[in-house]
2 protein chains.
Amino acid sequence: MDFIIRAATPGDCKDISRMIMELAVYENMPDQVKISHEVLEQDGFSKNPFFQCLVAEVPEQYRRTEGYTVVGYALFFYTYSTWKGRSVYMEDLYVMPEFRGKGVGTALMSKVAQVGKEQRCVRLQFSVLNWNTPSLDFYKAKGAQDLTDSEGWHVLRFDGEALDKLAQEAPKN
Amino acid sequence: MDFIIRAATPGDCKDISRMIMELAVYENMPDQVKISHEVLEQDGFSKNPFFQCLVAEVPEQYRRTEGYTVVGYALFFYTYSTWKGRSVYMEDLYVMPEFRGKGVGTALMSKVAQVGKEQRCVRLQFSVLNWNTPSLDFYKAKGAQDLTDSEGWHVLRFDGEALDKLAQEAPKN
């Protein structure tokens with residue numbers, strides 16, 4: 001199957017938004033999605049974008065009845081390790097089920113790695129749910145290490161009222 | 001004890017670099033630190049900085065024999081959730097042992113939360129080692145959730161040869 005990987009444009013935000021929801025459904029957390037395609041467009045395609053995005057596109061002949069030719073995406077941004085320096089974080093990697101097993105996911109992820117290396121990043125990190133064995137196997141087969149297993153890193157979060165309360169405690173100076 | 005929280009300047013990079021190493025020693029991974037203060041200065045204080053940093057400073061009268069008045073730091077950057085939007089990630093939070101228990105850590109973290117909220121971030125995330133009970137207790141007492149425990153998120157990483165190999169697989173188009 002032919003496909004291309006290209007940088008997303010504002011016009012892709014409806015497709016990306018649709019696939020963000022498909023991924024959240026797969027991860028059993030569809031109620032968590034609060035982002036519209038308009039917000040994605042603002043946050044990713046204005047002067048100081050909060051993220052970058054690649055999409056996988058198939059030629060017209062593969063278009064399904066639903067009419068999609070954008071069939072996968074990888075959304076990422078730059079982070080920083082105080083031990084190793086510049087890093088890239090892949091927030092989402094998704095390929096529509098009917099287009100899997102054809103190298104689309106690998107191509108998207110490899111391109112994120114390549115773009116990151118061009119920016120002198122020394123790490124590519126991402127998060128996976130512990131029950132998502134197909135994804136964990138896919139990543140590990142390519143050489144990814146599970147740092148939660150090997151070093152014991154846990155992800156913590158403040159949001160909602162806990163974040164509001166924390167921000168209110170900030171010193172005035 | 002009086003202290004102020006302020007944005008780091010390039011001149012603070014030697015102090016930050018020293019404390020990055022102190023934190024790595026505490027986390028039992030001092031060999032992991034490959035970042036010099038010169039690199040920190042380039043990556044954090046040039047036109048498109050990879051991170052932002054706050055420092056805690058005490059007045060001259062608290063200066064120790066070693067001569068430090070910068071006694072803590074919080075290093076952070078912006079990330080993005082495709083479910084919730086703009087987020088802030090706190091890579092490091094550190095206070096020198098002899099200055100702990102005086103509200104310095106809370107002040108640094110609260111300030112990160114406040115700066116994040118000013119940028120309309122809805123989450124503050126960070127990672128903690130599972131054996132680091134004092135830190136886990138500190139964060140949880142302030143309302144942080146452990147997402148690895150509650151939802152099963154694991155952190156994965158490509159680096160070194162695995163990252164090189166992945167980048168080489170990227171499609172040419």
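Residues numbered from 1 in each chain as written. Chains lettered and ligands numbered in written order. Predicted model: local features only at pLDDT ≥ 70, side-chain atom pairs only at ≥ 80, totals over all residues. Heavy atoms only, no water.

Concerning the packing of aromatic side chains
Phase 1: The full count for this structure, using the stated rule, is 24 aromatic pairs over all chains.
Phase 2: Centre to centre, the rings of Phe 51 of chain A and Tyr 80 of chain B are 4.7 Å apart; their planes meet at 45°, and the pair counts as tilted. One end of the pair, Phe 51 of chain A, is in the loop between helix H2 (37-45) and strand S2 (52-57); the other, Tyr 80 of chain B, is in strand S3 (residues 70-81), on a second chain.
Phase 3: Here Phe 51 of chain A falls in the buried class, since its relative accessible area comes to 5%.
Phase 4: An aromatic cluster is built from Phe 45, Phe 50 and Phe 51 of chain A together with Phe 76, Tyr 78 and Tyr 80 of chain B, whose rings are joined through pairwise contacts.
Phase 5: Against the face of Tyr 68 of chain B rests Arg 18 of chain B, its NZ or CZ located 3.4 Å from the ring centre.
Phase 6: The side chain of Arg 100 of chain B reaches across the aromatic face of Tyr 26 of chain B, ending 5.9 Å from its centre. (Phe/Tyr/Trp six-rings, centres within 6.5 Å; stacked < 30°, edge-to-face > 60°. Helix = DSSP H or I, 4+ residues; strand = E, 2+ residues; numbered from the N terminus. Buried < 20%, exposed > 50% of the residue type's maximum accessible area, 1.4 Å probe, protein only. Lys NZ or Arg CZ within 6 Å of the ring centre and 35° of its normal.)

Examining unusual backbone geometry
Residues and elements named next belong to chain B.
Phase 1: If you check the backbone angles, Asn 28 has positive phi at about 65° while not being a glycine.
Phase 2: As for its placement among the helices and strands, Asn 28 is situated in the loop between helix H1 (13-26) and helix H2 (37-45).
Phase 3: On the basis of relative accessible area, Asn 28 is assigned to the exposed category, the value being 58%.
Phase 4: The phi torsion at Arg 120 lies on the positive side, around 65°, for a residue other than glycine.

Remarks on the packing of helix H1 (residues 13-26) of chain A against H2 of chain A
Residue and element names in this part refer to chain A.
Phase 1: In contact at an axis separation of 9 Å, H1 and H2 are set at 115° when each is read in the N-to-C sense. It follows from the interaxial angle that H1 and H2 lie roughly perpendicular. Where H1 crosses over H2, the handedness of that crossing is right-handed. Facing Cys 13, Lys 14, Ile 16, Ser 17 and Ile 20 of H1, the residues of H2 in contact are His 37, Leu 40, Glu 41 and Phe 45.
Phase 2: Here the residues of the contact of H1 with H2 are counted per class, giving five nonpolar, two polar and two charged. (Axes fitted to C-alpha atoms, helices over the stretch in contact; angles between N-to-C directions. Parallel < 35°, antiparallel > 145°, perpendicular 65-115°, else oblique. Left-handed = near helix turned anticlockwise from the far one by under 90°. Contact = heavy atoms within 4.5 Å. Nonpolar A, V, L, I, M, F, W, Y, C, P; charged D, E, K, R; others polar.)

Everything listed here is a matter of coordinates, which is why it stays silent on function.
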